[in-house]
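Okay, here's what each chain looks like letter by letter:
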Amino acid sequence: MEKFSLTDIRKKNCADIYHLIYQKKRISKQQIANALEMSLPTVTQHLTTLSKDGLIEKNGLISSNIGRKAAAYSIKPTAKIAVGVEILTKKVTIVILDLYGQIIHRVTQPLAFAQDEAYFATLAEMIHTQLADSHLIPEQVLSVGFGMQGLVSENGREMLHGNILDNTGLKADSFEAYLNYPCRFIHDSECAAALELWYNPDLTDALYLSLGSHLGGAVISDGQIKTGRTGRTGTFEHMTLVHGGKTCYCGKRGCVECYCSASALLEEGETLDYFFDAVRQNSSAHTARWKEYLNWLSIALNNLHMVLDSWIILGGHIAPFLTDEDLEELFSLIQKRTAFPENENFLRLGVQEKDVVAIGAAIPAIQDYLGSI
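Residues numbered from 1 in each chain as written. Predicted model: local features only at pLDDT ≥ 70, side-chain atom pairs only at ≥ 80, totals over all residues. Heavy atoms only, no water.

S.K.: Could you clarify how one ought to interpret the packing of aromatic side chains in this entry?
M.R.: Two descriptors summarise a pair of aromatic rings, namely the distance from one centre to the other and the angle between the planes of the rings. Using the criterion set out here, one finds 14 aromatic pairs in the structure. Residues Phe-275 and Trp-290 carry aromatic rings whose centres are separated by 6.2 Å and whose planes lie at 65° to one another, so their mutual orientation is edge-to-face. In this pair, Phe-275 is assigned in helix H9 (residues 272-280) and Trp-290 in helix H10 (residues 284-307), connecting sequence segments 15 residues apart. Trp-290 shares its class with Phe-275; the two are buried. Ring centres of Phe-276 and Trp-290 lie 4.9 Å apart, and the angle between their planes is 80°; on these two criteria the pair is classed as edge-to-face. (Phe/Tyr/Trp six-rings, centres within 6.5 Å; stacked < 30°, edge-to-face > 60°. Helix = DSSP H or I, 4+ residues; strand = E, 2+ residues; numbered from the N terminus. Buried < 20%, exposed > 50% of the residue type's maximum accessible area, 1.4 Å probe, protein only.)

Listed below in structure tokens is the structure:
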């Protein structure tokens, strides 16, 4: 039988109080005691400890039907913060999140990616500037998460393979040398899936497909994002859709990327706004291209659904343009192709949030911190 020391019990009680305050956002001492079945002196002792550590603060008064109003306690959302960065070929997006995942600051700036010291130093200086502009100090920073295209090592310390950014071999040490904060790399589509789980904690099993300029994917199983033995789980973009088809940036032919990415949908110089404006105005040429795209996408989605019978969440740059009618048409195309028709549409749109990759890159640090208390 496992034995717990008095110190262990005190730590657990303190953690339970913190997490209850985090969950309720504003709560009185008596409400804490009632909810956790603790004595008021015990609660008072731990509230004092949490206050001294700068983790909670008094936040006004709570009305009571009996006696005077009681002091309300809340966590300090900025006691710790996390930084998320999306690295693209020609620009970066930096976001700073508090412990509730709320955005304190965000900025997008041009910066051409290069795997050299000048790039590492410049990006680090950008991050330092955003922290200073937000009046945040180094002690508040949990870590910096970098969301980018490419396969990431299991520990998030190295880019194992990256054709789009040419970032193969990039190491987190390169950024830590200039930042002095813990850094980790996260595949961009896994960042988006992490944000999906943050907003929908009850989500257990799903396939996430990011319909971005380049495709990306993630597998959610038992409420966790699966990376696989070599970090390749969820790389749906490189499944073969057409034997001997169009050439993919990976060097192979006929990948899903070549038919279902935003880059595959748009013509040179065209934007998604322009394309979908034309589709909604019934331009015959754009509508025909859109229907062809939906047909290819339905084949890919049907294949995925045969592997994992779960929700399929569509995110990425194209997702905000998808209407209910588009999803119904897409599901109808899948129904015509699948060997096992079903009545319920298993397609759903992902979180409609700007800068999902940068935000999702910061979320794991917050989760790790909350889990450590």
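This is not the end of the story, as more comes after the structure.
S.K.: What exactly am I supposed to notice about the sheet that holds strand S1 (residues 27-28) here?
M.R.: Paired through their backbone hydrogen bonds, the strands of a sheet run either parallel or antiparallel. One open sheet accounts for three strands, arranged S1-S3-S2; its pairing is antiparallel. A strand with exactly one partner marks an edge of an open sheet, and here the two such strands are S1 and strand S2 (56-62). Pairing between S2 and strand S3 (residues 70-75): five bridges, direction antiparallel. Following the sheet pairing, Leu-61 is matched in S3 by Ala-71. (Pairing = 2+ DSSP bridges.)

S.K.: Quick question: what am I supposed to make of the pattern of salt bridges here?
M.R.: Between side chains of opposite charge, a pair can form as their charged atoms come close. Taken as a whole, this structure holds 11 salt bridges when the rule is applied. The partner of Arg-289 in a salt bridge is Glu-270, and the shortest N-O contact between them spans 2.6 Å. Placement of the pair is Arg-289 in helix H10 and Glu-270 in the loop between helix H8 (262-265) and H9, with a sequence separation of 19 residues. Residue class for Arg-289 comes out buried when judged on its relative accessible area of 16%. The network of salt bridges with shared partners includes Arg-106, Glu-353 and Asp-355. (Salt bridge = Lys/Arg side-chain N within 4 Å of Asp/Glu carboxyl O.)

S.K.: Got a minute to help me understand helix H1 (residues 6-24) in this structure?
M.R.: Quick reminder: α-helices carry 3.6 residues per turn. Residues three or four places apart thus point the same way. For H1, with 19 residues, the first-to-last C-alpha span of 27 Å sits near the 27 Å given by 1.5 Å per residue. Of the positions making up H1, those classed as buried are Asn-13, Cys-14, Ala-15, Ile-17, Tyr-18, Leu-20, Ile-21 and Tyr-22. Directly beyond the C-terminal end of H1, a positive phi value near 75° is found at Lys-25. (Expected span 1.5 Å × (residues − 1).)

S.K.: Could you clarify how one ought to interpret the packing of H9 against H10 in this entry?
M.R.: Each pair of packed helices can be summarised by the angle the axes make with each other and by the distance between the axes. Contact geometry of H9 with H10 gives a least axis separation of 8 Å together with a crossing angle of 105°. When the interaxial angle is binned, H9 and H10 end up roughly perpendicular. Across the interface between the two elements, Tyr-274, Phe-275, Phe-276, Ala-278, Val-279 and Arg-280 from H9 touch His-286, Thr-287, Arg-289 and Trp-290 from H10. For the contact of H9 with H10, a count of residues per class yields six nonpolar, two polar and two charged. (Axes fitted to C-alpha atoms, helices over the stretch in contact; angles between N-to-C directions. Parallel < 35°, antiparallel > 145°, perpendicular 65-115°, else oblique. Contact = heavy atoms within 4.5 Å. Nonpolar A, V, L, I, M, F, W, Y, C, P; charged D, E, K, R; others polar.)

S.K.: What is the right way to read the side chain of Arg-289 from this model?
M.R.: There is a polar contact of 2.6 Å between the side chain of Arg-289 and the side chain of Glu-270. Residues in contact with Arg-289, not counting those within four places in the same chain, are Leu-265, Leu-266, Glu-267, Glu-270 and Phe-275. (Polar contact = N/O pair within 3.5 Å; in protein donor to acceptor, adjacent residues only side chain to side chain.)

S.K.: Just to check I follow, could you spell out the layout of surface pockets for this structure?
M.R.: Rolled over the atoms, a probe with the dimensions of a water molecule shows which regions are left empty. Put simply, the largest pocket is a space of about 1100 Å³. Together, 43 residues line the largest pocket, and Glu-86, Leu-88, Gln-149, Asp-188 and His-317 are the ones closest to its centre. Here the lining of the largest pocket gets three residues from one element, more than from any other, and that element is helix H6 (residues 188-199). Counted by class, the lining of the largest pocket contains 13 nonpolar, 21 polar and nine charged residues. Lining the second largest pocket we find 29 residues, and of these Ala-194, Gln-224, Ile-225, Pro-364 and Gln-367 sit closest to its centre. Those elements that provide at least two residues to the lining of the second largest pocket are strand S8 (151-152), strand S10 (183-187), H6, strand S13 (224-226) and helix H12 (356-372). Here the lining of the second largest pocket is built from residues that sort into 12 nonpolar, 12 polar and five charged. (1 Å grid on protein atoms, 1.4 Å probe; cavity = no way out; pocket = protein on both sides within 12 Å on 5 of 7 lines; lining within 4 Å. Points joined across faces, edges and corners; volume = space filled by probe spheres on them.)

S.K.: Help me understand the pairing of strand S4 (residues 81-87) in this model?
M.R.: The side chains of a regular strand alternate, residue by residue, between the two faces of the sheet. Along S4, seven of the seven residues are buried, which leaves the element largely enclosed by surrounding structure. Residues Ile-81, Val-83, Val-85 and Ile-87 line one face of S4 and the alternating positions Ala-82, Gly-84 and Glu-86 line the opposite face, and both faces are buried. As paired elements, S4 and strand S5 (residues 91-97) share six bridges and run antiparallel to each other. Bridge pairing links Val-85 to Ile-94 in S5. The turn joining S4 and S5, which pair antiparallel and follow one another in sequence, is formed by three residues.

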